[in-house]
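# Report on the structure
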Amino acid sequence: MKRVFVVGTARSGTTLLQNLMVKNFNLQTFTESHYFFERYFPPLEKLNVLPLLSDRFWFRRPMRWSKNNFSKFFIENQIASPDMSCFGSREFINILDGEALRLCSEGWVEKTPGHLRRIPVIDHYCSDAFFIHIYRNLEDVIESWRKIYESHDKEGKYFKYNPVKIRNNWLRDCERTAHYINKNPTKHIAISYEELCMDSSEVVKKISEFLNLNADSRSCPEVVGISSHESWKGNNYKPVFLNSTDLSAMDVECRRAYLALRSRYE
């Protein structure tokens, strides 16, 4: 059973990568669960300390805090809702395993970008998990957020368009990706959004070798893994180029982090 988590900064191409994997491998996939991101949080993250703590140092929120979100997850993926009063992280992994077995899949793909910040907890409950990181030019990420804000949420009800915050989160996420891949390259791999758009067949080959799975293009819906309330993700399964080759707008620190990832992992 292959258990795969697709992670990265939001608006970096996680949905596009998820669709590519499901179309080329016998893997079951789901809408974003946000399970580990919403249930756990590291006490030092607000101090900009890389959250690489063991599970016992993480704070756990009561399940009722995000019960509604998990109910949506089970409904949208047509999974029987479990008893939430005794539901835990291992039960969540078991449910994903069960769905993959029921559909005769070789494993599953869970895609929640924010799970990049919860990898120590995921490792604790799913020690054989694989992580596929995707990263993207910072200016494209910022532009993508701006377009969402202007087309779907100008009042800021759901999105807070703050380029400085986006930049800081992006930089820390690049640092996280580099750390985990350097620490354990057998469980972590990095894919750039630009690489995914320009040569998806090479990305499929790279993932096939990483997961030790045979690629097998299958007929499946064009769009997978998008929740009914996420209308802004309607085009996320299509490659979009913005300023992917222009790094001049990045500050020195971000440019260095981005180029370091590209030169090392491509």
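See the structure above.
Residues numbered from 1 in each chain as written. Predicted model: local features only at pLDDT ≥ 70, side-chain atom pairs only at ≥ 80, totals over all residues. Heavy atoms only, no water.

Let us look at the sheet that holds strand β2 (residues 27-29). Spatial ordering of the open sheet is given by β2-β5-β1-β6-β7, a layout of 5 strands whose pairing is parallel. The two strands at the open ends of the sheet, each matched to only one other strand, are β2 and β7 (188-192). In this sheet, adjacent strand axes meet at a mean angle of 25 degrees when their direction is disregarded. Sheet topology places strand β1 (residues 2-8) next to strand β5 (residues 107-111); 5 bridges connect them, and they run parallel. Each bridged residue has a counterpart across the sheet, and for Phe 5 the counterpart in β5 is Glu 110. Helix α7 (residues 163-183) contacts β6 (130-135) and β7 of the sheet and is inclined by roughly 135 degrees relative to β7. The sheet contacts of helix α9 (residues 200-211) involve β1, β6 and β7, and relative to β7 the element is tilted by about 175 degrees. (Pairing = 2+ DSSP bridges. Helix = DSSP H or I, 4+ residues; strand = E, 2+ residues; numbered from the N terminus. Axes fitted to C-alpha atoms, helices over the stretch in contact; angles between N-to-C directions. Contact = heavy atoms within 4.5 Å.)

Right, let's get into the pairing of β6. By the criterion of burial, β6 is predominantly enclosed, with 6 of the 6 residues buried. On β6, burial covers both faces: Phe 130, Ile 132 and Ile 134 on one face and Phe 131, His 133 and Tyr 135 on the other are all buried. Both β1 and β6 contribute to a ladder of 5 bridges, which runs parallel. For Val 4, the partnering residue across the bridge sits in β6 and is Phe 130. Pairing geometry for β6 and β7, over 5 bridges, is parallel. Paired with His 133 across the strands is Ala 190, a residue of β7. (Buried < 20%, exposed > 50% of the residue type's maximum accessible area, 1.4 Å probe, protein only.)

Looking now at the environment of Ala 80. With respect to the helices and strands, Ala 80 occurs in the loop between α3 (67-76) and α4 (89-102). Sequence-wise, Ala 80 and Ile 95 are 15 residues apart; in three dimensions their C-alpha atoms are separated by 9.4 Å.

Here the focus is the pairing of β7. Judged by how many residues are buried, β7 sits mostly within the fold: 5 of 5 residues are covered. Where burial is concerned, the two faces of β7 agree: the one with His 188, Ala 190 and Ser 192 and the one with Ile 189 and Ile 191 are both buried.

Moving on: helix α1 (residues 14-24). The buried fraction of α1 amounts to 10 of the 11 residues, a majority that puts the element mostly inside the structure. Taken residue by residue, α1 has Thr 14, Thr 15, Leu 16, Leu 17, Gln 18, Asn 19, Leu 20, Met 21, Val 22 and Asn 24 as its buried positions. Summarising the contacts, the buried residues of α1 are in contact with β1, β2, β5, β6, α8 (193-198) and α9.

A word on unusual backbone geometry. Not every positive phi belongs to a glycine, and Cys 104 is a case in point at roughly 55 degrees. We note that Asn 212 has phi near 60 degrees; this positive angle belongs to a residue other than glycine.

Below, the discussion takes up the packing of α1 against α9. The interhelical angle for the contact between α1 and α9, taken along N-to-C directions, is 70 degrees, at an axis separation of 11 Å. With respect to α9, the axis of α1 lies roughly perpendicular. Residues Leu 17, Leu 20, Met 21 and Asn 24 of α1 form the contact with α9, whose own contacting residues are Ser 200, Val 203, Val 204, Ile 207 and Leu 211. Residue classes in the contact of α1 with α9 are distributed as 7 nonpolar, 2 polar and no charged. (Parallel < 35°, antiparallel > 145°, perpendicular 65-115°, else oblique. Nonpolar A, V, L, I, M, F, W, Y, C, P; charged D, E, K, R; others polar.)

Read these as spatial facts, not as claims about activity.
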